[in-house]
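Now for the letters of each chain:
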Amino acid sequence: MCDTCGCHINEHTDTKTVEVHESLLAANREQARKNRAHIEAMGAVAVNMISSPGSGKTTLLEHTLDRLAGKMKIGVIEGDIETERDADRIRKKGVPVVQLTTGGACHLDAPLVHKGLHALEHQSKDGKFDLIFIENVGNLVCPATFDLGEHERIILVSVPEGSDKPAKYPTTFHGADTFVITKIDLLKYFDFSLDEARTEALQLNSGLRILQVGAPAGLGMDDWITYLQELPAR
């Protein structure tokens, strides 16, 4: 069981039952509201990136930072159960970054991000940013329940994971603003249906924006960058 979100797994069946205490969620929502106000006081828009492990979130961020260098002031909050490896990769880009390690919890929550925002703010001379990326812990279940104070929630699914993820994780897609299909340069090697992924995602959330990227190959990156640059004006 996850002590933070109350996620129980029945060891005798394939069924997973999620129980979340309302008091925990209420406290998280209140802190998320404060986080959002804090982020806006920093002049920024925050993006919460949610996906399974290995979807390519950090790789996409690396290529994004290269393309937006000198165009937007960016900060990054990295969430992982352990290690600073992802933060180390972002530091090499010369961007302010804070690593948040959960010590076993399967997601970030608003109080933890609150600490991260203050730490990130101290890395900036004026405490201001245009865009703050929050890379959540790799998980398509628990992070969907917790508002972090973000303005935009992005769900990423990579081609090797399969095109049935929207149908399997409906709650995650219900709460998303944008769906990014990653590693599209691998489509010829995997049985992934773009039509299936798009159709099932839109059935769950008709207002969902859908993008397709293959970051190392530069595929779809122009549309991705345009989307990010337009966020502060929304």
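Please refer to the structure placed before this passage.
In this report, we go over the structure that sits alongside the text. What you are looking at is a predicted structure, and each value in this text was computed from that prediction instead of being measured.

1. A look at the sheet that holds strand E8 (residues 178–182)
(1) Moving on: The strand order across the open sheet formed by seven strands is E5-E4-E6-E3-E7-E8-E9, and the pairing between neighbours is parallel. With one partner strand each, in any of the chains shown, strand E5 (97–101) and strand E9 (209–212) form the two edges of the open sheet. The mean inter-strand angle of the sheet, taken between neighbouring strand axes irrespective of direction, is 20°.

2. Examining the pairing of E9
(1) Moving on: By the bridge criterion, four bridges tie E8 to E9 in an arrangement that is parallel. Within the sheet, the bridge partner assigned to Val180 lies in E9 and is Leu211.
(2) Moving on: Each parallel crossover has a hand, and for E8 linked through helix H7 (residues 194–204) to E9 it is right-handed.

3. Some points on the nonpolar core
(1) Moving on: Core analysis: the biggest nonpolar cluster contains 28 residues, and Leu60, Ile74, Val76, Leu131, Phe133, Trp224 and Leu228 have the highest contact counts within it.
(2) Moving on: Elements that contribute at least two residues to this core include exactly strand E3 (45–51), helix H2 (57–68), strand E4 (74–80), helix H3 (85–91), strand E6 (131–135), strand E7 (152–158) and helix H8 (221–230).
(3) Moving on: Aside from chain neighbours lying at most four places away, what touches Leu131 is Ala44, Val45, Val47, Met72, Lys73, Ile74, Gly75, Leu228 and Leu231.
(4) Moving on: Ranked by size, the runner-up nonpolar core spans 16 residues in total, among them Ala44, Ala46, Leu100 and Val137.

4. Thoughts on H2
Spacing of three or four residues puts side chains on the same side of an α-helix, whose turn is 3.6 residues.
(1) Moving on: Along its twelve residues, H2 runs 16 Å from first to last C-alpha, staying within 8% of the 16 Å computed at 1.5 Å per residue.
(2) Moving on: For H2, the full list of buried residues reads Lys57, Thr58, Leu60, Leu61, Glu62, Thr64, Leu65 and Leu68.
(3) Moving on: One or two residues past the end of H2 sits Gly70, with phi positive at roughly 80°.

5. Concerning the packing of helix H1 (residues 22–41) against helix H4 (residues 110–121)
A pair of packed helices is characterised by two quantities: the angle between their axes and the separation of those axes.
(1) Moving on: One way to put it is that H1 packs onto H4 with a least axis distance of 8 Å and a crossing angle of 20°. The angle between H1 and H4 places the two elements in the roughly parallel class. When the axes of H1 and H4 are compared, the crossing they make is left-handed. Here H1 contributes Asn28, Gln31, Ala32, Asn35, His38 and Ile39 to the contact with H4, which in turn contributes Ala110, Pro111, Val113, His114, Leu117, His118 and Glu121.

6. Overview of unusual backbone geometry
(1) Moving on: Although it is not a glycine, Thr83 sits at a positive phi angle of roughly 75°.
(2) Moving on: Locating Thr83 in the fold gives a position in the loop between E4 and H3.
(3) Moving on: The class for Thr83 is partly exposed, based on a relative accessible area of 36%.
(4) Moving on: The phi dihedral of Lys183 falls on the positive side, at around 60°, and the residue is not glycine.

7. Quick notes on the side chain of Thr178
(1) Moving on: Relative to the helices and strands, Thr178 is located in strand E8.
(2) Moving on: A relative accessible area of 0% places Thr178 in the buried class.
(3) Moving on: Engagement of the side chain of Thr178 in a polar contact is seen with the side chain of Glu152, the distance being 3.2 Å.
(4) Moving on: Among residues more than four places away in sequence, those in contact with Thr178 are Glu152, Arg153, Ile154, Ile155, Leu208, Arg209, Leu211 and Tyr227.

The rules behind these values
- Residues numbered from 1 in each chain as written.
- Predicted model: local features only at pLDDT ≥ 70, side-chain atom pairs only at ≥ 80, totals over all residues.
- Heavy atoms only, no water.
- Pairing = 2+ DSSP bridges.
- Helix = DSSP H or I, 4+ residues; strand = E, 2+ residues; numbered from the N terminus.
- Axes fitted to C-alpha atoms, helices over the stretch in contact; angles between N-to-C directions.
- Right-handed = clockwise from strand over helix to strand, strands pointing away.
- Core = buried A, V, L, I, M, F, W, Y, C linked by side-chain atoms within 4.5 Å.
- Buried < 20%, exposed > 50% of the residue type's maximum accessible area, 1.4 Å probe, protein only.
- Contact = heavy atoms within 4.5 Å.
- Expected span 1.5 Å × (residues − 1).
- Parallel < 35°, antiparallel > 145°, perpendicular 65-115°, else oblique.
- Left-handed = near helix turned anticlockwise from the far one by under 90°.
- Polar contact = N/O pair within 3.5 Å; in protein donor to acceptor, adjacent residues only side chain to side chain.

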